[in-house]
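# Analysis of the macromolecular model
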Amino acid sequence: MSQKIDPPRLALRFLKWFCPSQLYEGIEGDLLEAFDADVEVVGVRKARRRFARQAIRFFRPGIILRNTFASPFIQRAMLKNFIIVAWRNTLRNRTYAALNIAGLALGLATFLMMYWVVRFENSFDRQYPGAERMYQVMSYDKFNEPTSHVPGAVIKFLRENSGVESASAALFWNPNVIKVRNENLQQEHSFYVTPEFMKTLDIKWIAGSPDKSLSQPYQLVLDEPTARRLFPEGAMGKTVRYDNAYDLTVTGIIQKAPANSEFQFQFITSYKTLSLYAGWQSDENNWGGGDSSHHGYVMLKAGVDPASVEAQLKKQAELHKENGQYTYFKLLPFSEMHFNEDNDTYNYIMPHWLPDTLFYIGLFVLVIACINFVNLATVQSVQRSREIAVRKILGSSRAALVCQFFVETAVIVLMAEVIAGGMATLLVGRMDYLLNTHIAGSPVWNGNTFVFLLITGLAVTFASGFYPALILSGFQPMSVMRNKLAALSARGISLRQALVVFQFGIAQVMVICMLIALKQMQYFHTQDLGFDTKSVITIDMPDGGDEVKREHLRQQLLKHPVIQDVTFGLTSPSSTRNWWWWTIKHPGLANGAATFRLQFVDTSYFRFYKIPLLAGRMFQANDTSKTNPVVMINEQAAAALGFATPDEAIGTKLSEGDNAVPRTVIGVVKNYHSQSLKSGIVPHLYSFRKNHFSLASVRIDPSAAQEAIALIGKYWTQEFPDNYFQYTFLDTELRTFYDDENKFSHMLTAFAGVGIFIGCLGLYGLVSFVCTRRTKEIGIRKVLGASVSSILLLLSGNFLVLVTVAFGVAAPIAWYIMQLFLERYTNHIEIPWIVFAIAGGITLMMTLMPVGWQSLRASRANPSDSLKYE
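So, here's what we can say about the structure. Keep in mind that what you see is a predicted model, and the values were worked out from it rather than measured.

### Comments concerning a nonpolar patch on the surface
Side chains of Val801, Val805, Val809, Ile813, Trp815, Tyr816, Ile817 and Leu820 sit close together on the surface and give an oily, nonpolar patch of about 720 Å² of accessible area. The exposure class of Trp815 is partly exposed, given its relative accessible area of 41%.

### Structural notes on unusual backbone geometry
Phi is positive for Asp202, close to 55°, though the residue is something other than glycine. Among the secondary structure elements, Asp202 is positioned in the loop between α8 (195-201) and β7 (205-207). Here the phi dihedral of Tyr218 falls at roughly 65°; this positive angle occurs in a residue that is not glycine. Within the element layout of this structure, Tyr218 appears in the loop between α9 (210-213) and β8 (219-223). You can call Tyr218 partly exposed: its relative accessible area is 30%.

### A short note on the packing of helix α29 (residues 788-822) against helix α30 (residues 833-859)
At their nearest, the axes of α29 and α30 sit 9 Å apart, and the two run at 155° to each other. Comparing their axes, α30 and α29 come out roughly antiparallel. Here the hand of the crossing between α29 and α30 comes out right-handed. Each of Val788, Ile791, Leu792, Leu795, Ser796, Phe799, Leu800, Val803, Phe807, Ala811 and Trp815 in α29 lies in contact with α30, whose residues at this interface are Phe836, Gly840, Thr843, Leu844, Thr847, Leu848, Val851, Gly852, Ser855, Leu856, Ala858 and Ser859. Taken together, the residues of the contact of α29 with α30 break down into 16 nonpolar, seven polar and no charged.

### A closer look at the pattern of salt bridges
Once their charged atoms are close, side chains differing in charge can pair, the charge on each being opposite to the other. The tally for this structure, following the rule as stated, stands at 17 salt bridges. Residues Lys179 and Asp722 are paired through a salt bridge, measuring 3.0 Å at the closest nitrogen-oxygen approach. In this pair, Lys179 sits in strand β4 (residues 178-180) while Asp722 sits in the loop between α25 (705-719) and β24 (727-729), placing the two residues 543 residues apart along the sequence. Given the relative accessible area of 18%, Lys179 is considered buried. Arg241 serves as the salt-bridge partner of Asp247, at 3.3 Å between the closest nitrogen and oxygen. For Asp247, a relative accessible area of 38% translates into the label partly exposed. Each member of the salt-bridge network shares a partner with another, and the members are Arg181, Glu233 and Lys238.

Parameters at a glance
Residues numbered from 1 in each chain as written. Predicted model: local features only at pLDDT ≥ 70, side-chain atom pairs only at ≥ 80, totals over all residues. Heavy atoms only, no water. Patch = residues over 30% accessible without salt bridge, like charges linked within 9 Å, V, L, I, M, F, W, Y side chains within 5 Å. Areas by Shrake-Rupley, 256 points an atom, 1.4 Å probe, with all protein chains shown as cover. Salt bridge = Lys/Arg side-chain N within 4 Å of Asp/Glu carboxyl O. Buried < 20%, exposed > 50% of the residue type's maximum accessible area, 1.4 Å probe, protein only. Helix = DSSP H or I, 4+ residues; strand = E, 2+ residues; numbered from the N terminus. Axes fitted to C-alpha atoms, helices over the stretch in contact; angles between N-to-C directions. Parallel < 35°, antiparallel > 145°, perpendicular 65-115°, else oblique. Left-handed = near helix turned anticlockwise from the far one by under 90°. Contact = heavy atoms within 4.5 Å. Nonpolar A, V, L, I, M, F, W, Y, C, P; charged D, E, K, R; others polar.

Structure representation (structure tokens):
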């Protein structure tokens, strides 16, 4: 006798759960017959898998919607009744419902926006076909310093590698000016790109194609908005003059790049054009250095391990070490490019920690809102106790009551979600401004957002409704009728006190962190950098080598009293771009060699920026000899060279190599911060090379800024009539060093405000309840002579104690978190005690507003109104 084999029980239960009773027997019978047949034909395991698959296939709308989902405690009619009761309770308790909805809506809106932030930032460059096999090449020198520059020889080697599907180079290079119909214009997001790279990215073409539009020199491809801006009448075949050097012909138009792409292609010049005008950038025999905006990208064949390609590149670097600058190369996945802080990005960098941190802070704000709901629900428990007792006496089960309270919670959460969705949609543009991102330019409302809201709504309903449902449904009718809820109320009060402490603890952690972050930002913006940044305007020089024009511009400007001084250099002392480095050899250096930052300056540069000379002399106009070149260094460089004092460094020789002409140190200047305060001071080397002055710095009279800018523009345009005039205030540019920290502090400020506000909403509800419940007690106390202040203290004191306890818990937690945060920076503040005092004061003031107001109203009420019915 063969043993009876059963189908999977779980599949049968699932089928029974969703299948209408009138259909269940028939479907079950058919499936069991098929199962018995399958057991004999394909075996037990496969038969059970087939049974499960067949059961799941019946889970479709045509069957599900015919089901009533009967259960011991939920019928469709009951569900309808629950919703009606929930709606009536919401209307009956408008104040509490409004407080709950407002708190949850704020929490949900915050959490939804943070979800959009995380989703958007993590979606960068994942949309390309085969993106999981695409990598950016990163180069590393012998000091293990990474750079995004990739030599042309590396691209050539990768292109010929058997494991590589395609390898391409791209250069980001904005022209100083483009000329269209004799009009000087500025153009950003300009690239030199190979046709292979456009094919790899699968860019959508409106006109032209990669092979036809980018395979020859002087070809130009525009994205659709740029084409419309430059040539409203039609762009194909039109000509653009590039940097007054050559003409480009529009041969293709592409769609605008998505907001979540590293490659914001607006103006693409064929890579072969670059070979004609800056061949050193694209030289395929070059293994040495170059511009950090010259990137390399590679797509590996399926199944190829990137580590094997990296190993081959390392061997090549070893073979070419005599001519090369890099010792090894790494392949960075496309999905990581957006977060790589070593990358000279084509769009913007978002550190990994920032969206993750903001997401968790948003989650904490939502938790605060949920705690609000629990607190307000429990304070209503006494008011609803008789309703619950009557329901139980009439036969309602505890399970049905639990469902009732969950439905009520779901109704509140649903209303809050609708409001939160509207708020988030309205505020997403503002969030873009605070975070300096482009989330509003992406489709924020899609299927994922609705799934997120559904899951969040269910989670919030459960988290907020679980405890109230459990407590309220557990009331014993006899105890309620005898008014014996004292013990229960006491337990409820203890829980509420704990929740208030927890809620305000989170809020105060955020407030303290916000204050410390703002203090650190203030430190960044006010710290002495070692040079004078006040009232300095910087202008790009289109032709840094034309000394005659440069000096003429200087003389013209200095005739006017609103122009105080003028100097020229490669960059300002601290700049976000155009960093040059020079590897020098000297016996005093560790390992005999080191990389110093190179700066080209004119004779007035240090005087202009008020950088003190410590030893030797400044550059003079005749320091241009090529047979006996001279340089200056800073204190850090002198120390790195092994000199105890700056004076000892004067006269020392620095060289690139054995065959290079050594350069004599003639002066040492005081250290200053040439990079952000997030990092330390680096050794500097200064050279007086007149053909590398790419930037003019002009100090103006700040009281006549507009007049000075007009004069600068006038004389600059006279000297360079074929170029586009654009100026920048130096202190504004320096602030961009701290964009990420600015984003963090902005959002932390907003979150802390929302968290405190939600907490205060909850306190308002709690104190309202307490005042209502103790109305008669207050009346009796007043009749017996109690003063307003004593009653005020009676009602407010407990809440103030709770907020104080919360502060005691929050302070050390916030200190620890921010200590970890500050340790990331070389230059940072010491956390001052005043921050904690201010945070406590803010929270206390925000607490006193709702609590004090309600308490004051109760204490000033006429006692006869509350006692006349006794």
